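The primary structure of each chain is shown beneath.
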Amino acid sequence: MTWSIDIVLMMILAVAALWAVMATRLIHAALGLAFASVVLAVVMFRLGSPYAAVIELSVCAGLITAIFISVISLAKHESVAEIEARMKRRWKKYAPLPVAAAILGIVLATLARHPRSMPQPLAEADVRRVFWHFRQVDLLGQIILVLVGAFGIVVLFKSWRKK
Amino acid sequence: MSAVSLDLLWTAGIFVVMLLFIGFYCILATRNLIRILIGLEVLAKAITLGVVAVGYATRNTALAQSLAITIIIVEVFVVAIAAGIVINIYRHHDSLSTDNIEKLKG
């Protein structure tokens, strides 16, 4: 009974993802994605991952949405006629998606069997200890990625400014 | 492991598959570069949900959280670089459609 809330939250997450994919306007799609990130952060918090939930909330719902909105604002704005023409094409293309996703979920829920046994759980550890002491290579990789990402953005935007 | 954790893991697995399906459908069906990025983000959310659910079910949330944080950092890196590339493509071709990017065609 306690995890029925989690199921409802995961349903909302799936609907938000569908909305992000199917929304006609890009800005609505970006907001749908941000909402999906918020719901995922709540699910993560409820599943005992508060640190990851905070990072999901601040980075995915905040930073990535800001990046998407910046990119969308740099692209040209469409006229109402263009949007209406595109809406007709989009509905034809994406109409089967919610139905297919729902059928897939129902089929998986009814046909597949629950696992009877799983590996024994490891001893519960502190996330800070795991992150800083046991996953140091991951940490190094993340630092390199952040630096490369910052360098890449500088190079990409610099070449655009020169032109 | 309790039956509740197994049930929750199983339910989360179904939603992970659904999110993967939605993300792949988006990437395959659209021609818009920003929507392709959105599809990629949905895929990343599915993977994050899966990692966290497995961590909860196996009572190993510390490792799951550190892996989820790594996934999020990689996600941000990919989106930031891809966004820069999309803007450059838009400046060159004045379009966000993949149909108009023909210079690399052999």
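Chemist: Give me the lowdown on unusual backbone geometry, citing residues and values where you can.
Modeler: In this structure, Arg59 of chain B is a non-glycine residue whose phi angle is positive, near 55°. Positioned with a positive phi, Asp94 of chain B is a non-glycine residue whose angle comes to about 55°.

Chemist: Can you explain the interface of chain A and chain B? Please cite residues and give values.
Modeler: Counting from both sides, the interface comprises 84 residues of chain A and, opposite them, 65 residues of chain B. Buried area between chain A and chain B, both sides added, is near 6800 Å², and the carbon and sulfur share of it is 77%. Run the count over chain A and chain B and you get one salt bridge. We note a salt bridge from Glu56 of chain A to Lys45 of chain B, for which the minimum N-O separation is 3.4 Å.

Chemist: An account of the pattern of salt bridges is needed here, citing residue identities and associated values.
Modeler: Enumeration over the complete set of coordinates arrives at four salt bridges over all chains. Measuring nitrogen to oxygen at the nearest pair gives 2.6 Å for the salt bridge that ties Asp6 of chain A to Arg46 of chain A. Note that Asp6 of chain A is positioned in helix H1 (residues 4-22) and Arg46 of chain A in helix H2 (residues 26-46), a separation of 40 residues in sequence. Residue classification places Asp6 of chain A among the buried residues on the basis of a relative accessible area of 4%. Residue Glu41 of chain B pairs with Lys45 of chain B through a salt bridge whose shortest N-O separation is 3.6 Å. Of the two residues, Glu41 of chain B and Lys45 of chain B both sit in helix H2 (residues 33-57), four residues apart, roughly one turn of that helix. In this pair, the class of Glu41 of chain B matches that of Lys45 of chain B, namely buried.

Chemist: Tell me about a nonpolar patch on the surface, and name the residues and values.
Modeler: Residue and element names in this part refer to chain A. Together, Val8, Ile12, Phe35, Val38, Val42 and Leu57 make up a nonpolar patch on the protein surface, roughly 460 Å² of accessible area in all. Listing elements by their share of the nonpolar patch, those giving two or more residues are H1 and H2. Within the element layout of this structure, Val42 appears in helix H2. Given a relative accessible area of 38%, Val42 falls into the partly exposed group.

Chemist: How would you explain the side chain of Thr48 of chain B if you had to name every residue and give the values?
Modeler: Inspection of the secondary structure puts Thr48 of chain B in helix H2. A relative accessible area of 0% means that Thr48 of chain B is categorised as buried. At a separation of 2.7 Å, a polar atom in the side chain of Thr48 of chain B contacts the main-chain carbonyl oxygen of Ala44 of chain B. Sequence-distant contacts of Thr48 of chain B, that is, excluding residues within four places in its chain, are made with Leu40, Met44 and Glu56 of chain A together with Ala68, Ile71 and Glu75 of chain B.

Parameters at a glance
- Residues numbered from 1 in each chain as written.
- Chains lettered and ligands numbered in written order.
- Predicted model: local features only at pLDDT ≥ 70, side-chain atom pairs only at ≥ 80, totals over all residues.
- Heavy atoms only, no water.
- Contact = heavy atoms within 4.5 Å.
- Buried area = accessible area lost by both parts, 1.4 Å probe.
- Salt bridge = Lys/Arg side-chain N within 4 Å of Asp/Glu carboxyl O.
- Helix = DSSP H or I, 4+ residues; strand = E, 2+ residues; numbered from the N terminus.
- Buried < 20%, exposed > 50% of the residue type's maximum accessible area, 1.4 Å probe, protein only.
- Patch = residues over 30% accessible without salt bridge, like charges linked within 9 Å, V, L, I, M, F, W, Y side chains within 5 Å.
- Areas by Shrake-Rupley, 256 points an atom, 1.4 Å probe, with all protein chains shown as cover.
- Polar contact = N/O pair within 3.5 Å; in protein donor to acceptor, adjacent residues only side chain to side chain.

Taken by themselves, the reported measurements are silent on function.
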